[in-house]
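Residue-level listing of the chains:
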Amino acid sequence: MKNILSMSQLSNEEVYSLIDSAEKFKAGKKSMIGTDKFAINLFFENSTRTKSSFQVAEMKLGMKEIEFEASTSSTTKGESLYDTIKTEESIGASVAIIRHSQDKYYEDLVNNHNLNIHIINGGDGTGQHPSQSLLDLMTIFEHFGKFDGLKIGIIGDLSHSRVAHSNAEILTRLGAQVCFGGLDAWYTPEFAEMGPHMDVDDLCREMDVVMLLRVQHERLSEEENKNFSKTDYFNKYGLNKERVNMMKADAMIMHPAPINRGAEIADDVVECDKSYIFPQMANGVFMRMAMIEAVLEGDNVRDEATDQERQ
Ligand code: CP
């Protein structure tokens, strides 16, 4: 695959293949990617774990990172996203990880230009977050060994969440039953098509995975933020110890993070026995290694062919 832009682009076979590849890296598989490959992490929205984890993945693969900070780049002088990427391609980057506030920013890049650099979407607006979704799938598959028949409850700010958009679609396609919780206003028609909206206590009792989402205050209107009460939200929708005790014995708690302790999850639940929040982050490095390897695979084949022609 040349690029990884959204979960809907990946076939089920490609998803399972990426999980398998990530597990092999986790088990100690060494990379076949040459040290002459450069990666650039173009983050135009803030990030802690996605950016750090792609950086570690690139280093573990033997690649070198071209440093980039949006705030000190020439995008502040008006340079376009396309010109930025074309510049990095010209300089020698093989793969660009991009996070951008604009939904589907990648469509213009791949449909209207002939770029010779691989793009991995590190999150677009409220659209898609394929690397988060794939690491979530890896973590669920490690625990249950399947998706078919699992009940997954996604609770929180659905409409603004690229994690909810990515995960609801792929989990449904892989045979899981997806259910939703949180404010009614966030349960938009696209989610209603995929699964029911349920009371949070019922979700905790019935689900195999309880996946929590942060309230994305940066994407709420001034009015919505003014009317938001953290305490009310926590009491109605937050995961506290009482709700954890309702969960099935082998159920998982997941959260893409960053976490708002005391809003969607209680402080003393974040690292409880059922929580896979930090294991998700650990798996993220191996999944991102698998994703980078997958987009570069064709290039390596071409490189080897060129080497053979030279001999
Ligand atoms: N889960 C996630 O995307 O976290 P960051 O915003 O810190 O990258």
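Computed from a prediction, not measured in an experiment: that's the story for all the values here.

## Notes on the overall build of the protein
Consideration 1: The number of helices and strands found in the protein is 12 helices and eight strands.
Consideration 2: For 311 residues, the compact-globule formula gives about 19 Å, and the C-alpha radius of gyration of the protein, at 20 Å, lands near that figure.
Consideration 3: Taking the principal axes of the C-alpha coordinates as reference, the protein spans close to 65 × 45 × 35 Å.
Consideration 4: In the protein, which comprises 311 residues, the proportion classed as buried is 41%.
Consideration 5: Of the contacts formed within the protein by residues at least 6 apart in sequence, a portion of 78% connects residues at least 24 apart.

## Points about the UniProt feature "domain: Aspartate/ornithine carbamoyltransferase carbamoyl-P binding" (unreviewed entry) in the protein
Consideration 1: The residues that UniProt annotates with the feature "domain: Aspartate/ornithine carbamoyltransferase carbamoyl-P binding" (unreviewed entry) are residues 2-142.
Consideration 2: Summarising residues 2-142: 40% helix, 17% strand, and an end-to-end C-alpha distance of 27 Å.

## A look at the sheet that holds strand β1 (residues 38-43)
Consideration 1: Within the open sheet, the four strands sit side by side as β2-β1-β3-β4. Their pairing is parallel. With one partner strand each, in any of the chains shown, β2 (64-66) and β4 (118-124) form the two edges of the open sheet. Within this sheet the neighbouring strands show an average axis-to-axis angle of 25 degrees, counted without direction.
Consideration 2: Across six bridges, β1 lies against strand β3 (residues 93-100) in parallel orientation. In the sheet register, phenylalanine 43 faces β3, and the bridge partner there is arginine 99.
Consideration 3: Sheet strands in contact with helix α2 (residues 49-60) are β1, β2, β3 and β4, and its direction is about 180 degrees off that of β1.

## Structural notes on the site of the ligand
Consideration 1: Neighbouring residues of the ligand: Ser47, Thr48, Arg49, Thr50, Gly123, Gln132, Pro256, Ala257 and Pro258.
Consideration 2: Looking at the shell around the ligand, you find at least three residues from each of domain 1 (7-128 + 281-310) and domain 2 (130-280).

## Some words on the sheet that holds strand β5 (residues 151-155)
Consideration 1: Taken together, four strands build an open sheet; the order of strands is β6-β5-β7-β8 and the sheet is parallel. At either margin of the open sheet sits one strand with a lone partner, and together these are β6 (177-181) and β8 (252-254). In this sheet, adjacent strand axes meet at a mean angle of 20 degrees when their direction is disregarded.
Consideration 2: Bridge count between strand β7 (residues 209-212) and β8: three bridges; the pairing is parallel. The residue bridging methionine 211 from the neighbouring strand is methionine 254, located in β8.
Consideration 3: Relative to the sheet, helix α6 (residues 162-173) contacts β5, β6 and β7, its axis offset from that of β5 by approximately 165 degrees.

## Some thoughts on the packing of helix α1 (residues 12-26) against helix α5 (residues 130-144)
Consideration 1: For the pair α1 and α5, interaxial distance at closest approach is 10 Å and the crossing angle is 70 degrees. If you check the angle between α1 and α5, you find them roughly perpendicular. Residues Val15, Leu18, Ile19 and Ala22 of α1 form the contact with α5, whose participating residues are Leu134, Leu137, Met138 and Phe141.

Thresholds applied
Residues numbered from 1 in each chain as written. Predicted model: local features only at pLDDT ≥ 70, side-chain atom pairs only at ≥ 80, totals over all residues. Helix = DSSP H or I, 4+ residues; strand = E, 2+ residues; numbered from the N terminus. Rg over C-alpha atoms; globule rule 2.2 N^0.38 Å. Buried ≥ 20, exposed ≤ 12 C-beta atoms within 10 Å, placed from the backbone. Contact = placed C-beta atoms within 7 Å. UniProt positions renumbered as here; feature names shortened; annotations may be inferred. Pairing = 2+ DSSP bridges. Axes fitted to C-alpha atoms, helices over the stretch in contact; angles between N-to-C directions. Near = placed C-beta within 6 Å. Domains from an automatic or database assignment. Parallel < 35°, antiparallel > 145°, perpendicular 65-115°, else oblique.

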